[in-house]
Amino acid sequence: MAKLVSIFFFCILCSVGFATIKYEHISSWDLNYDGRNVYLYLTFKCSVNYSDDKTMYQNWFILFYGHISFVNCKFTDILSSFISMFYKTKSLNITDVELYTLQPKVLSNFTILEKLMASNNRLTELPPKLFVNATQIANVDFSKNAIKRIDPLTFENVTSLQTLNLSNNQLDRIEPICLDHPKLQELDLSYNHLSFVEKNVFDKLANLLKLNLSNNNLSSLGDGQFDKMTALTHLDLASNPIGNLHVGIFSQLANVEYLSLRGTNISSIELGTFSYQQKLISLDVSDNQLTEFDFDLFFPIVHDLRSLYLSQNRLQHLNGFRNAIFPSLVLLDIKNNPFNCSYLKYFFGLVNWDKIRLAVDPLSTQSRKSNIRGINCEASSSSEAYIDEYSTVQKTEMQNDLNGNLIHLIVKSNDDLFVVKVILFLVLMVIAICGAMYLLVNRNRLFNSNRYHRGVGEQDASSDPRVKYSSDGVLLME
């Protein structure tokens with residue numbers, strides 16, 4: 001029986017081993033047509049059998065126009081004589097072919113190439129002038145290689161690059177000239193060995209939308225590091241030993257919607273750090289050293305924030321959290337913090353949970369530890385003290401809010417009274433101006449009318465026999 005079991009497992013291992021074997025010779029190919037467009041999909045398959053139909057290569061595939069990929073193939077190098085026959089292709093997939101090197105100008109004939117996928121190989125560097133004539137290349141993927149160096153001239157003459165994936169390599173430095181691509185929209189440098197990024201390395205990326213620098217060795221970020229990337233919407237800095245941030249590090253990133261600072265060794269966040277991120281949808285500051293989180297970072301309101309991640313910190317309270325600050329919040333992650341159970345229960349009673357969902361991971365909830373709604377907490381004999389302490393804090397916050405509202409009403413009332421006074425003054429001014437203009441326009445008529453009435457009075461007085469005048473002209477009445 002034991003012998004049969006051994007044979008069985010041996011067969012399984014053999015089948016797995018043979019399944020991963022790659023071959024250097026193309027034995028067959030599949031050609032498919034996608035009716036939704038005019039492109040043909042050509043897949044080369046390699047095996048122990050070898051097909052050397054040179055007539056087929058030279059007379060038929062030279063007209064090929066579409067997508068090329070390889071299955072079970074192994075090419076330590078791509079021969080220009082072979083690859084150049086497919087210069088009319090728009091998409092070239094040489095993923096997982098154990099490629100060690102790429103020769104300079106190996107793609108020089110691919111003048112209409114738009115997409116190159118070369119991930120999961122063994123490349124250690126990118127040669128100069130790789131895309132010297134491939135000026136229409138838009139999407140490039142060199143992820144999951146062992147690239148340590150990119151020649152400054154690798155992307156020479158490339159003017160249409162939109163997506164560049166260099167993740168999962170061994171890069172420790174990026175030359176600014178390598179990122180001189182104004183049309184680039186997505187750049188992935190995650191899982192490399194970057195410990196420092198020059199200040200001007202991103203200056204030519206004004207249209208960049210997504211930047212991933214996660215899982216590197218970045219220990220600091222310089223002032224103005226991201227100032228030229230004003231269109232950025234996604235920024236991932238997770239898993240870098242950055243430490244506390246400069247208060248103005250994100251001051252020019254007004255369009256950022258997704259920001260990850262998970263695992264960046266932050267112990268405090270200064271007021272004003274997120275003042276310009278009014279479009280923020282998701283903020284992740286989990287897995288850090290925060291002992292408190294000041295919700296005035298978002299004062300007075302963040303309209304679009306939907307996800308807030310505060311898990312795996314050292315938070316003991318969430319004082320200052322109010323639904324009014326986050327009208328769109330739907331996910332709150334506070335698990336794996338040293339909360340006291342009494343405070344946690346008290347906090348849950350203060351928050352309106354109609355729209356907000358707690359992020360709960362059953363695997364992270366310890367079966368032998370107290371928890372409330374899946375959030376671990378510490379049971380304490382001084383629970384009353386916690387309630388009194390946080391009740392006092394909450395009452396203080398409520399009183400401050402009340403005082404603030406009262407001051408606001410008083411100021412508003414004074415403002416309203418001031419407005420009434422101003423309006424009344426303006427009305428009186430208008431009346432006075434109108435009266436003055438009326439007198440100015442009609443001054444001659446009023447003057448003549450007054451003279452007329454005076455003349456008539458004198459005439460009537462002189463014709464009356466009872467009226468007499470003294471020698472000095474004084475009127476005397478009998």
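All of these numbers come straight from a predicted model, not from anything done at the bench.

Undergrad: Go over the pattern of salt bridges with me, naming the residues and quoting the values.
TA: Following the criterion strictly, the structure yields eight salt bridges and no others. Measuring nitrogen to oxygen at the nearest pair gives 3.5 Å for the salt bridge that ties Asp 151 to Arg 149. The exposure class assigned to Asp 151 is buried, which follows from its relative accessible area of 12%. We note a salt bridge from Glu 175 to Arg 173, for which the minimum N-O separation is 2.4 Å.

Undergrad: If you had to explain the nonpolar core to someone new, which residues and values would you point to?
TA: General note: in soluble globular proteins, nonpolar side chains tend to be found buried as a group. Grouped together as the largest cluster of nonpolar side chains are 103 residues, with contacts concentrated most on Phe 131, Phe 142, Phe 202, Phe 226, Phe 250 and Ile 334. Elements represented by at least two residues in this core include exactly β2 (40-46), β3 (66-71) and α4 (341-350).

Undergrad: Could you give an account of the packing of aromatic side chains, naming the residues involved and the relevant values?
TA: For the structure shown, the criterion picks out 17 aromatic pairs. Measuring from ring centre to ring centre gives 5.4 Å for Phe 295 and Phe 321, while their planes differ by 80 degrees; the resulting arrangement is edge-to-face. Placement of Phe 295 in the loop between β14 (282-284) and β15 (307-309) and of Phe 321 in the loop between β15 and β16 (331-333) is noted, with a sequence separation of 26 residues between them. Take Phe 295 and Phe 321: they sit in the same class, and that class is buried. Where Phe 348 meets Trp 353, the ring centres are 5.5 Å apart and the plane angle is 75 degrees; that geometry is what we call edge-to-face. Accessibility assignment for this pair places Phe 348 and Trp 353 in one class, buried. Taking NZ or CZ as reference, Arg 373 lies 5.7 Å from the ring centre of Phe 348, over its face. Here the guanidinium or amino end of Arg 373 rests over the ring plane of Trp 353, the centre of that ring lying 5.1 Å away.

Undergrad: Which residues make up the environment of Asp 223, and what values go with them?
TA: Residue placement: Asp 223 occurs in the loop between β11 (210-212) and β12 (234-236). A relative accessible area of 48% means that Asp 223 is categorised as partly exposed. Along the backbone, Asp 223 and Val 247 are 24 residues apart, and their C-alpha atoms lie at a distance of 9.4 Å. Excluding anything up to four places from it in sequence, Asp 223 contacts Lys 199 and His 246.

Undergrad: Outline the state of the cysteines, listing residues and values.
TA: Taken as a whole and judged by the stated rule, the model has two disulfides. Here Cys 46 connects covalently by a disulfide to Cys 73, the sulfurs 1.8 Å from one another. Its S-S torsion of about 95 degrees marks the bond between Cys 46 and Cys 73 as right-handed, since a negative value means left-handed. In this pair, Cys 46 sits in strand β2 while Cys 73 sits in the loop between β3 and α3 (80-83), placing the two residues 27 residues apart along the sequence.

Undergrad: Outline the pairing of β3, supporting the account with residue identities and numerical values.
TA: As paired strands, β2 and β3 are joined by six bridges and run parallel to one another. In the strand pairing of β3, Thr 43 is matched with Ser 69. The sheet contact formed by β3 and strand β4 (residues 91-93) spans three bridges and is parallel. Its bridge partner being in β4, His 67 is matched across the sheet by Ser 91.

What counts as what
Residues numbered from 1 in each chain as written. Predicted model: local features only at pLDDT ≥ 70, side-chain atom pairs only at ≥ 80, totals over all residues. Heavy atoms only, no water. Salt bridge = Lys/Arg side-chain N within 4 Å of Asp/Glu carboxyl O. Buried < 20%, exposed > 50% of the residue type's maximum accessible area, 1.4 Å probe, protein only. Core = buried A, V, L, I, M, F, W, Y, C linked by side-chain atoms within 4.5 Å. Helix = DSSP H or I, 4+ residues; strand = E, 2+ residues; numbered from the N terminus. Phe/Tyr/Trp six-rings, centres within 6.5 Å; stacked < 30°, edge-to-face > 60°. Lys NZ or Arg CZ within 6 Å of the ring centre and 35° of its normal. Contact = heavy atoms within 4.5 Å. Disulfide = S-S within 2.5 Å. Pairing = 2+ DSSP bridges.

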